[in-house]
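Listed below, chain by chain, are the residues.
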Amino acid sequence: MSWVTRIYIPMLLKGLFISLREFFRKPVTFNYPEEKPKVSERFRGEHRLTKDAEGKIKCVACYMCATACPAHCITIEAEAAPPDWEGRDKIPRVFEIDMLKCIYCGYCVEACPKEAIEMTNKVPQVYRTRQEFIYDREKLLSN
């Protein structure tokens, strides 16, 4: 018997033994959309825009989150704040996050001086079109 055959047969038997052992183990998979995975409280999931005690959006359109984002997935367009909103010069007219580009690093949360954006422990959703992955201001406020 050649040395190739002597090495090949024990490795083949070892591989078959591993396959047989794994066949009888309980599977670790789950049916994702129907069954939600258990995540820790520190899990960085979907983003959310927050509101203050008066129900107004906390964001002041300072562009700090968009600047800190390494994936460049945050788009902000500012507009003048209504006159009855004291202490604010501007608010976001457009606030979008492209979740297909987002790497869930949390830099946007760290950069925000007003704590207007936060990450929930909600698992990112599955959609059928690319447009559904772009979260606008209303979706981020209701998240």
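Residues numbered from 1 in each chain as written. Predicted model: local features only at pLDDT ≥ 70, side-chain atom pairs only at ≥ 80, totals over all residues. Heavy atoms only, no water.

Novice: I'm lost on the nonpolar core in this one. Help?
Specialist: Generally speaking, nonpolar side chains in soluble globular proteins are found buried as a group. Judged by nonpolar contacts, the single largest core of 26 residues is most densely connected at Ile 74, Ile 76, Phe 95, Ile 97 and Ile 117. Counting only elements with at least two residues in this core, the list comes to α2 (64-68), β2 (74-80), β3 (90-98) and β4 (117-119). By residue number, the principal contributor to this core is β3, which donates three residues. Sequence-distant contacts of Ile 97, that is, excluding residues within four places in its chain, are made with His 47, Cys 73, Ile 74, Ile 117, Phe 133, Ile 134, Tyr 135 and Leu 140. (Core = buried A, V, L, I, M, F, W, Y, C linked by side-chain atoms within 4.5 Å. Buried < 20%, exposed > 50% of the residue type's maximum accessible area, 1.4 Å probe, protein only. Helix = DSSP H or I, 4+ residues; strand = E, 2+ residues; numbered from the N terminus. Contact = heavy atoms within 4.5 Å.)

Novice: Whenever I open this one, a nonpolar patch on the surface confuses me. Can you help?
Specialist: A grouping of Tyr 8, Ile 9, Leu 12, Leu 13 and Leu 16 is seen on the molecular surface, where their side chains present a nonpolar patch of about 510 Å² in accessible area. Position of Leu 16 among the secondary structure elements: in helix α1 (residues 3-23). A relative accessible area of 52% places Leu 16 in the exposed class. (Patch = residues over 30% accessible without salt bridge, like charges linked within 9 Å, V, L, I, M, F, W, Y side chains within 5 Å. Areas by Shrake-Rupley, 256 points an atom, 1.4 Å probe, with all protein chains shown as cover. Salt bridge = Lys/Arg side-chain N within 4 Å of Asp/Glu carboxyl O.)

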